[in-house]
Amino acid sequence: MRRMSKKQQLNDNEESVLKKSMYTGFIGGVLFSLLASAMYYFNFLEVNPKSYLLTSWVSNAWTDTWLGVLFTTILAGVVSLLVAFLYYLVFRKIKYMWVGIVYGFILWTILFLLFRPIFSDIPAVMEWSLNTWITTICLFILYGTFIGYSISYDYMDSKQTEDIINKS
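Conventions we followed
- Residues numbered from 1 in each chain as written.
- Predicted model: local features only at pLDDT ≥ 70, side-chain atom pairs only at ≥ 80, totals over all residues.
- Heavy atoms only, no water.
- Helix = DSSP H or I, 4+ residues; strand = E, 2+ residues; numbered from the N terminus.
- Buried < 20%, exposed > 50% of the residue type's maximum accessible area, 1.4 Å probe, protein only.
- Contact = heavy atoms within 4.5 Å.
- Areas by Shrake-Rupley, 256 points an atom, 1.4 Å probe, with all protein chains shown as cover.
- Phe/Tyr/Trp six-rings, centres within 6.5 Å; stacked < 30°, edge-to-face > 60°.
- Expected span 1.5 Å × (residues − 1).
- Polar contact = N/O pair within 3.5 Å; in protein donor to acceptor, adjacent residues only side chain to side chain.
- Axes fitted to C-alpha atoms, helices over the stretch in contact; angles between N-to-C directions.
- Parallel < 35°, antiparallel > 145°, perpendicular 65-115°, else oblique.
- Left-handed = near helix turned anticlockwise from the far one by under 90°.
- Nonpolar A, V, L, I, M, F, W, Y, C, P; charged D, E, K, R; others polar.
- Patch = residues over 30% accessible without salt bridge, like charges linked within 9 Å, V, L, I, M, F, W, Y side chains within 5 Å.
- Salt bridge = Lys/Arg side-chain N within 4 Å of Asp/Glu carboxyl O.

Colleague: Let's hear about the overall build of the protein: which residues, and what values?
Modeller: Broken down by element type, the protein carries five helices and zero strands. Mapped in sequence order, the helices and strands of the protein form the string α-α-α-α-α. The dimensions of the protein, computed from C-alpha atoms along their principal axes, are 60 × 35 × 25 Å. Expressed as a percentage of the 168 residues in the protein, the buried residues total 38%. The long-range share in the protein, meaning contacts at least 24 apart out of those at least 6 apart in sequence, stands at 74%. Of the roughly 10,500 Å² of accessible surface on the protein, a fraction of 69% belongs to carbon and sulfur atoms.

Colleague: A description of unusual backbone geometry should follow, citing residues and the corresponding values.
Modeller: Peptide bonds are, in most cases, trans, and in most cases residues other than glycine have a negative phi. Of note, Asn43 is a non-glycine position whose phi angle comes to about 65°, a positive value. With respect to the element layout, Asn43 can be found in the loop between α1 (6–41) and α2 (49–53).

Colleague: Account for the packing of aromatic side chains, naming residues and giving values.
Modeller: For the structure on display, the rule yields twelve aromatic pairs. With a centroid separation of 5.4 Å and an interplanar angle of 50°, the aromatic rings of Tyr87 and Phe91 are classed as tilted. Linking Tyr87 with Phe91, this pair stays in helix α3 (residues 66–91), spanning four residues, or about one helical turn. A centroid spacing of 5.9 Å and a plane angle of 15° characterise the contact between Phe105 and Trp108, whose relative ring orientation is stacked.

Colleague: Let's hear about α3: which residues, and what values?
Modeller: With 26 residues, α3 ought to run about 38 Å at 1.5 Å a step, and its terminal C-alpha atoms sit 36 Å apart, in line with that. Three or more residues of α3 are buried, namely Gly68, Thr72, Thr73, Ala76, Gly77, Ser80, Val83, Ala84, Tyr87 and Tyr88.

Colleague: Can you lay out the side chain of Ser158 for me, pointing to particular residues and giving the numbers?
Modeller: Counting through the fold element by element, Ser158 comes out in helix α5 (residues 130–167). For Ser158, a relative accessible area of 4% gives the class buried. In terms of polar contacts, Ser158 uses its side chain to reach the backbone carbonyl oxygen of Tyr155, at 2.7 Å.

Colleague: Give a detailed account of the packing of α3 against α5, specifying residues and quantitative values.
Modeller: Packing of α3 against α5 brings their axes to within 10 Å, and their N-to-C directions diverge by 50°. Comparing the axis directions of α3 and α5 gives the class oblique. The crossing of α3 and α5 is right-handed. Every residue of α5 that contacts α3 at Ser80, Val83, Ala84, Tyr87, Tyr88 and Phe91 is listed here: Tyr143, Ile147, Gly148, Ile151 and Ser152. Among the residues forming the contact of α3 with α5, the class breakdown is eight nonpolar, three polar and no charged.

Colleague: Tell me about a nonpolar patch on the surface, and please be specific about residues and values.
Modeller: Residues Phe26, Ile27, Leu31, Trp66, Leu67, Leu70, Ile74 and Val78 make up a contiguous nonpolar surface patch of roughly 750 Å² in combined accessible area. Those elements giving two or more residues to the nonpolar patch turn out to be α1 and α3. Looking at the nonpolar patch, the element that brings in the most residues is α3, giving five residues. Within the fold, Leu31 resides in helix α1.

Colleague: Before we move on, can you summarise the side chain of Thr135 with the specific residues and values?
Modeller: As for its placement among the helices and strands, Thr135 is situated in helix α5. Judged by its relative accessible area of 10%, Thr135 falls in the buried class. Within polar-contact distance, the side chain of Thr135 engages the backbone oxygen of Asn131 at 2.7 Å. Sequence-distant contacts of Thr135, that is, excluding residues within four places in its chain, are made with Met39, Phe44 and Leu45.

Printed below as a string of structure tokens:
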């Protein structure tokens, strides 16, 4: 059995953290897109996630079927890869949950306030009910916490592994 050098082990460890971060991002996007779709179905939200990710760009009939929900869910996972990578680059070394909470709220602000003019067929935030406001903010805070805490935990765990490799 061939032994890897310490440098190779450290590089593999860092690549492992990045891969886990990307998995976390994709899974987080899929899970929270499905959760938001369920919340829309049960009338907790006035705006469907597919309105942002799909029907703003495509107006075919299939977008209103289960295929539209599936495509939106996968697309949310792909977009979430970028969100997770950004968190990995900027905040991975911070292990506090508050960073994820703030990150989620910043994402909510960017999507619903800054990017609002891009989505012309969606009602403005000021026209939403209080229920939609609270639900979307809570959903994004949970999403940010999930992404942030998972990536930070993996990074801190890799640092412990790195210390063990360096001591051996």
